[in-house]
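One letter stands for each residue in the lines below.
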Amino acid sequence: MKSGFIGVIGKANAGKSTLVNVLVGEKVAIVSPKPQTTREAIMGVLTKPEYQLVFVDTPGIYKSSTRLSDMMMKTAETAAKDVDFILYVHDGHAGVSESDIALMKKYLACGTPMAVAYTKIDIMPKENIPADIKKLYDNGIDCDVFPVSARKRTNITKLEEFLAEHMPQEGRAIEEDIVSDKSERFMVSEIMREKILLKFSQEIPHGVAVSINVFKKQPNGVYEVNLDIICEKPNHKSILIGKQGAAIKEVSSFARKDMEKFLGAKVFLTTYVKVKEDWRNRPALMREFGYED
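Anyway, here's the lowdown on the structure attached to this text. Predicted model only: the values in this text are computed from it and were never measured. (Residues numbered from 1 in each chain as written. Predicted model: local features only at pLDDT ≥ 70, side-chain atom pairs only at ≥ 80, totals over all residues. Heavy atoms only, no water.)

Some details on the packing of aromatic side chains
Heads up, the rule is: Stacked, tilted and edge-to-face pairs are distinguished by plane angle, under 30 degrees for stacked and over 60 for edge-to-face with tilted covering the rest, among Phe, Tyr and Trp rings (Trp via its six-membered ring) whose centres lie within 6.5 Å. Helix numbering and strand numbering both begin at the N terminus, where a helix is a DSSP run of H or I of at least 4 residues and a strand a DSSP run of E of at least 2. Counted as over-ring charges are cases with an Arg CZ or a Lys NZ within 6 Å of the ring centre that also lie within 35 degrees of the ring normal.
Evaluated as defined, the whole model comprises five aromatic pairs. Consider the rings of Phe146 and Phe162, whose centres lie 4.8 Å apart with planes at 55°: the pair is tilted. Here the residue Phe146 occupies a position in strand β6 (residues 144-147), and Phe162 occupies one in helix α5 (residues 156-165), the gap between them amounting to 16 residues. Site record: aromatic cluster; members linked through ring pairs are Phe85, Phe146 and Phe162. In this structure, Lys182 is placed above the aromatic ring of Phe186, and the distance from its NZ or CZ to the ring centre is 5.0 Å. Just above the ring of Phe200 sits the side chain of Lys199; from NZ or CZ to the centre is 5.6 Å.

Overview of the pairing of strand β4 (residues 85-91)
For the record, the criterion: Exposed residues in this analysis have more than 50% of their type's maximum accessible area, buried residues have under 20%, and partly exposed residues fall in between, with area computed by a 1.4 Å probe over protein chains only. Whether two strands pair depends on DSSP finding at least two bridges between them. Handedness of a crossover: with both strands directed away from the viewer, a clockwise path from the first strand across the helix to the second marks it as right-handed.
Judged by how many residues are buried, β4 sits mostly within the fold: seven of seven residues are covered. On β4, burial covers both faces: Phe85, Leu87, Val89 and Asp91 on one face and Ile86, Tyr88 and His90 on the other are all buried. Across four bridges, the pairing between strand β1 (residues 2-9) and β4 is parallel. In the sheet register, Gly7 faces β4, and the bridge partner there is Ile86. Bridge count between β4 and strand β5 (residues 114-119): six bridges; the pairing is parallel. Along β5, the bridge assignment pairs Asp91 with Thr119. Between the parallel elements β4 and β5, the chain passes through helix α3 (residues 98-108) in a crossover that is right-handed.

Observations regarding the environment of Val210
What counts here: Throughout, a residue-residue contact means that at least one pair of heavy atoms, one from each residue, lies within 4.5 Å.
Mapped onto the elements, Val210 comes out in strand β8 (residues 209-217). Sequence separation between Val210 and Tyr272 is 62 residues; the distance between their C-alpha atoms is 9.8 Å. Among all residues touching Val210, those that are not within four sequence positions of it are Ser189, Met192, Arg193, Leu227 and Asp228.

Re the packing of helix α1 (residues 16-24) against α5
Note the following rule: Where helices are involved, their axes are fitted lines through C-alpha atoms of the stretch in contact, as for all axes, and angles between N-to-C directions lie from 0 to 180°. Just so you know how the angles are binned, under 35 degrees is roughly parallel, over 145 roughly antiparallel, 65 to 115 roughly perpendicular, and the rest oblique. By the convention adopted, Pro, Cys, Tyr, Trp, Phe, Met, Ile, Leu, Val and Ala count as nonpolar, Lys, Arg, Asp and Glu as charged, and the other residues, Gly among them, as polar.
As a packed pair, α1 and α5 sit with axes 11 Å apart at the nearest point and diverge in direction by 80°. Judged by the inter-axis angle, α1 sits roughly perpendicular to α5. On α5, the residues that touch Leu19, Val22 and Leu23 of α1 are Ile156, Leu159 and Glu160. Among the residues making up the contact of α1 with α5, the classes are represented as five nonpolar, no polar and one charged.

Some thoughts on the sheet that holds β8
Here three strands make up an open sheet; going across it, the order is β8-β9-β10 and the pairing mixed. Each end of this open sheet is capped by a strand with a single partner; those strands are β8 and β10 (267-275). Here the average twist between neighbouring strands, direction ignored, is 15°. Relative to β10, strand β9 (residues 223-231) runs parallel, the two sharing nine bridges. By the bridge assignment, Glu224 is partnered in β10 with Phe268. Contacting β8, β9 and β10, helix α6 (residues 184-199) runs over the sheet at an angle of about 135° to β8. Its contacts with the sheet put helix α9 (residues 246-263) on β8, β9 and β10, and the angle it makes with β10 is roughly 135°.

Everything listed here is a matter of coordinates, which is why it stays silent on function.
Printed below as a string of C-alpha cells:
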C-alpha cells in the first residue's frame with residue numbers, strides 16, 4: 001500500500017477546503033467564500049485498499065494584519081515543509097497573475113514534488129483554461145496541472161489517481177477508520193463559525209471565534225452543546241444578536257441542523273455572544289480560544 005502526506009496550499013478562497021472535502025468524501029473542513037475560513041491545518045484522510053492519501057488543508061495565503069493571521073501564515077509555511085507532496089490549489093476562475101506564478105515558484109523551489117489543481121472550471125469560460133495552463137508552463141511552472149471542479153467532481157478521480165501514484169511510503173500512515181485528526185468538539189465549533197461566515201458581512205466574521213463550554217452526549221443520545229461566540233466590538237455583538245435576538249436564533253438554527261447531520265444525533269444548542277476586544281492580537285486569548293501562537 002502506498003501512502004503519504006499532501007500539503008494543500010494556495011491563496012485564500014482558492015477552494016482548498018472544498019476540494020479536500022470532496023477528495024476525502026466527508027466534511028472535514030468548513031467552507032465559505034470569505035478569507036480566514038480555515039485558520040489552522042486540518043487533516044483529511046482518504047483510505048482505499050491500494051493507497052492512503054493524508055491531506056493537510058492549510059489556511060489560505062494572504063497579507064496578514066493580526067497576530068492570528070501571522071500564525072495562520074506560519075501554519076501554511078510549516079505544512080509545506082513537512083509533507084511528501086504539495087498540491088497547490090489555484091482559483092482558475094480568477095485567471096493567472098504574476099503573484100500567482102511567484103507563489104507557485106516559491107513552493108516548487110522547496111524541492112517537494114508538486115502539482116497544481118486549477119479549480120472552479122465549472123464557473124469560467126472553457127477557452128480560458130488552455131491559455132492559462134500555457135501561461136503557467138511558459139513562466140516556468142514545471143509540474144502537472146489538473147483543471148478540476150470540486151462541485152461537479154470534474155477530473156477529481158484523475159487527480160486522486162495521480163496523487164496515489166506519487167505517494168512515496170509503504171504501509172498505512174493513519175488508522176483505517178480515521179478521516180480527520182480533529183475531534184467532534186472541534187468540528188462542532190467550526191460548523192458554528194461556518195454559519196457565521198456565511199450569514200454576516202466581511203468585517204465581523206474575521207473577528208469571530210467560537211469557544212465550546214459544554215460538549216456532552218446525554219444518556220438519551222442527545223448532544224448538549226453550550227458555546228460562546230466571541231467578537232471584538234460591542235457593535236459587532238449587537239449585529240450578531242440582531243433585533244430581539246433574530247439573527248443569533250437564525251444562525252444557531254442553521255448550525256444546529258449541520259451539527260446534527262455531522263454527529264448523527266439530535267443537538268440541544270445554547271449560544272452566547274461575548275466581546276473580547278482585539279483578541280486576535282492577544283496571545284493569551286488566542287490560546288484560550290484554541291489558536292496556538
